[in-house]
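Structure at a glance
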Amino acid sequence: MAGRKIGILALQGAFLEHERSLRRCGAEPIEVRTVKDLEQAAALIIPGGESTTIGKIMQRFGLDEAIVSRTKQGMPLWGTCAGMILMAKEIADSEQPGLRLMDIRVRRNAFGRQVDSFEADLEVEGIGQCRGVFIRAPYVERVWADTRILAYYQEKIVMVQQGNLLATAFHPELTEDPSIHRYFLEMLS
Ligand code: GLN
């Protein structure tokens, strides 16, 4: 039986920062590296990092299939940045491994070299103002089916939700603002 622990995929990337944010919300994080770890988690976060690397390791350990199967049973899943890329059904100009879960098309490193990393204030549907930290971020080019757009930055889609699937192009775990982590935790109830 899955408890109320919140899993963070800890193969590569910014997982420690998510742990800190979850603890701040009073939630109990658990690092997920194996299918067995995933069984302990009631929800899962895929952090930012390098999506090709995370995708390959996920595949090697059979975590991709396990995550897809859990989300089909309703487990909340949130991907930040590389995590968003790994959740997308379509990745522009890339054949990399992924979960192919969410009805979105993403483009990697989409804001260009000149603006590698930046911060911006975002207006998030249902949450309000949030600080967006973007690091070699993707954006969403297109959504379909019942995917909802929750935030834009300069007319680019940077946050989306489809049922129990949530994805942000930016990194709320790198700010002091817990509101998007809280929003994700509410998806459990
Ligand atoms: N550019 C990275 C990728 O394509 C994502 C960057 C990040 O997660 N901060 O995987």
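The present account deals with the structure reproduced in this document. In this text the structure is predicted, and so the values were computed from the model without any measurement. Every chain is numbered on its own, with residues counted from 1 as its sequence reads. Since the coordinates come from a predicted model, pLDDT governs what is reported: local features require at least 70, and pairs of side-chain atoms require 80 or more to be given and counted, while whole-chain, interface and lining totals use all residues. In computing side-chain properties, one takes all heavy atoms of the structure into account and sets aside hydrogens as well as water.

**Some words on helix α3 (residues 51-60)**
- Taken residue by residue, α3 has Ser51, Ile54, Gly55, Ile57 and Met58 as its buried positions.
- Two residues qualify as a contact provided that any one of their heavy atoms is within 4.5 Å of a heavy atom in the partner residue. Runs of H or I in DSSP of at least four residues are treated as helices and runs of E of at least two as strands, each being numbered from the N terminus. Elements that come into contact with the buried residues of α3 comprise β1 (5-9), α4 (63-72) and α5 (82-87).
- Note on α3: the residue one or two positions beyond its end, Gly62, has a positive phi of about 70°. Think of it in three bands: residues with accessible area under 20% of the maximum for their type are buried, residues over 50% are exposed, and the middle band is partly exposed, with areas taken using a 1.4 Å probe on protein chains only.

**Some details on the pairing of strand β8 (residues 128-135)**
- Note on pairing: two strands pair once DSSP finds at least 2 bridges between them. Bridge count for strand β7 (residues 117-124) against β8 is eight bridges, and the pairing is antiparallel. In the strand pairing of β8, Phe118 is matched with Phe134.
- Adjacent in sequence and paired antiparallel, β7 and β8 are bridged by three residues, among which Gly126 carries a positive phi angle near 80°.

**Topic: α4**
- Within α4, burial applies to Leu63, Asp64, Ala66, Ile67, Arg70 and Thr71. Taken around the axis of α4, the buried residues stretch over an arc of 165°, which confines them to a single face. When the buried face of α4 is taken as reference, the exposed residues oriented beyond 90 degrees from it are Glu65 and Lys72.
- Downstream of α4 by a residue or two, Gly74 has a phi angle that is positive, lying close to 110°. The arc in question is traced by the directions running from the helix axis to the C-beta atoms.

**Considerations on the pattern of salt bridges**
- The salt bridge criterion pairs a side-chain nitrogen of Lys or Arg with a carboxyl oxygen of Asp or Glu, the two atoms within 4 Å. On inspection of all chains with the given rule, the structure shows 14 salt bridges.
- For Glu176, the salt bridge is made with Arg20, and the minimal N-O distance between the two is 3.9 Å. Residue Glu176 is found in the loop between β12 (165-168) and α6 (179-186), and its partner Arg20 is found in helix α1 (residues 15-24); the two are separated by 156 residues along the sequence.
- According to the relative accessible area criterion, Arg20 is partly exposed, its value standing at 37%.
- For Arg107, the salt bridge goes to Glu141, with nearest N and O atoms at 2.4 Å. Of this pair, Arg107 sits in strand β6 (residues 102-107) while Glu141 sits in strand β9 (residues 139-143), and the two are 34 residues apart along the sequence.
- Residues participating in the shared-partner salt-bridge network are Glu90, Asp93, Arg105, Arg107, Glu141 and Arg142.

Everything listed here is a matter of coordinates, which is why it stays silent on function.
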